[in-house]
Amino acid sequence: MKVTTNVFKQTGSVSKGEISANTFNLVIGACLTWGFGLSAILAKTFANVDFGIMGIIIYFVCVFVGITMATKSDNPAISFLGFNFIVVPMGVMIGPFVASFHPQLVYQAILLTAGTTVTMMMIGTVFPVFARSIGGVLFVALIGLVIGHIVCMFMGIAPIWMAYLGAAIFSLKIAHDWRKAQDVPRTVDNAVDVSVELFLDIINLFLSLLRILGSRN
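Residues numbered from 1 in each chain as written. Predicted model: local features only at pLDDT ≥ 70, side-chain atom pairs only at ≥ 80, totals over all residues. Heavy atoms only, no water.

Asker: Lay out helix α6 (residues 135-155) in plain terms, naming residues and giving numbers.
Answerer: An α-helix turns once per 3.6 residues; consequently, residues spaced three or four apart project the same way. Taking 1.5 Å as the rise per residue, α6 with 21 residues should run 30 Å; its terminal C-alpha atoms sit 30 Å apart, in good agreement. Residues G135, L138, L142, L145, G148 and C152 constitute the buried set of α6. All buried residues of α6 fall inside an arc of 140 degrees around its axis, so they share one side. In α6, those exposed residues whose orientation departs by more than 90 degrees from the buried face are F139, V140, F154 and M155. Considering only its buried residues, α6 is in contact with α5 (128-133) and α7 (160-181). The first or second residue beyond α6 is G156, which carries a positive phi of 75 degrees. (Helix = DSSP H or I, 4+ residues; strand = E, 2+ residues; numbered from the N terminus. Expected span 1.5 Å × (residues − 1). Buried < 20%, exposed > 50% of the residue type's maximum accessible area, 1.4 Å probe, protein only. Arc of directions from axis to C-beta. Contact = heavy atoms within 4.5 Å.)

Printed below as a string of structure tokens:
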């Protein structure tokens, strides 16, 4: 389920409808809370459903539509609708995968993901130059990871080292994207757009960590 996007197109310090830094981050937090809560409910609801290849195709179409809506619109309501076009199919599709692990491992993965996310956001805040500078490297690494997953999928294998690589990439990407989020104009629409990127970072980190924990048991 490795899908990413780049919503950080706008830069600068002044923008129509700009809000305070605290409100901006509060909107991001609210969107992420909604996204993860809805994903959890859907994952549990569809834990025993196998959608097959058609489900995967529909998933990618919905995510593409959601990303397009969020990144192309300046209306926060439309961007939030696009956000949900990503959250809903993601929650549905990861249900069977998450259900294949012991609940204790899922709980551990959630805690590790939360701890890693907070840590990387702090790094992005304290070390802004570093967080900004790793964008190019992460972009290349992410393309390699996606290609690797596609090749492994056709070969019918799932090497655990790819989960470790994914965890490393998405951890650093959280720091990078959080730093960039603080550099865009602080509007409600941009806050929603930022949430799209961070949601994908964090959910992919969670799935990678879950695989790693599962391989150890």
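On we go.
Asker: Describe the packing of helix α4 (residues 103-126) against helix α8 (residues 188-215), with residues and values.
Answerer: Here α4 crosses α8 at 135 degrees, and the two axes come no closer than 9 Å. With respect to their mutual orientation, α4 and α8 come out oblique. Helix-helix and strand crossings are classified by hand; for α4 and α8 the assignment is right-handed. Of α8, the residues touching α4 (which contributes L105, V106, Q108, A109, I110, L112, T113, T116, T117 and M121) are L198, I202, L205, F206, L209, L210, L213 and G214. For the contact of α4 with α8, the per-class residue count stands at 13 nonpolar, five polar and no charged. (Axes fitted to C-alpha atoms, helices over the stretch in contact; angles between N-to-C directions. Parallel < 35°, antiparallel > 145°, perpendicular 65-115°, else oblique. Left-handed = near helix turned anticlockwise from the far one by under 90°. Nonpolar A, V, L, I, M, F, W, Y, C, P; charged D, E, K, R; others polar.)

Asker: Give a detailed account of a nonpolar patch on the surface, specifying residues and quantitative values.
Answerer: On the surface, I53, M54, I57, I58, V61, F64, V65, L81 and F85 cluster together to form a nonpolar patch covering roughly 850 Å² of accessible area. Per element, the largest residue contribution to the nonpolar patch is seven residues, and it comes from helix α2 (residues 52-72). On the secondary structure map, I57 appears in helix α2. According to the relative accessible area criterion, I57 is partly exposed, its value standing at 43%. (Patch = residues over 30% accessible without salt bridge, like charges linked within 9 Å, V, L, I, M, F, W, Y side chains within 5 Å. Areas by Shrake-Rupley, 256 points an atom, 1.4 Å probe, with all protein chains shown as cover. Salt bridge = Lys/Arg side-chain N within 4 Å of Asp/Glu carboxyl O.)

Asker: Outline the packing of α6 against α7, supporting the account with residue identities and numerical values.
Answerer: Working note: a packed helix pair is described by the angle between its axes plus the distance between those axes. At a minimum axis distance of 10 Å, the contact between α6 and α7 shows a crossing angle of 150 degrees. Taken as axis vectors, α6 and α7 run roughly antiparallel relative to one another. Along this stretch, α6 crosses α7, giving a crossing that reads as left-handed. Taken together, the residues of α7 that come into contact with α6 (itself represented by G135, L138, A141, L142, L145, G148, H149 and C152) are M162, L165, G166, I169, F170, L172, K173 and H176. Taken together, the residues that form the contact of α6 with α7 break down as ten nonpolar, five polar and one charged.

Asker: Which residues make up the packing of aromatic side chains, and what are the values?
Answerer: By the definition in use, this model includes six aromatic pairs. Ring geometry for Y59 against F60: centres 4.9 Å apart, planes inclined by 70 degrees, an arrangement best described as edge-to-face. F60 gets classed as partly exposed once you look at its relative accessible area, which sits at 41%. Where F80 meets F83, the ring centres are 6.1 Å apart and the plane angle is 40 degrees; that geometry is what we call tilted. Of the two residues, F80 and F83 are both situated in helix α3 (residues 76-99); the distance of three residues between them amounts to about one turn of the helix. The structure contains a cluster of three or more aromatic residues connected by ring pairs, namely W34, F36, F80, F83 and F199. (Phe/Tyr/Trp six-rings, centres within 6.5 Å; stacked < 30°, edge-to-face > 60°.)

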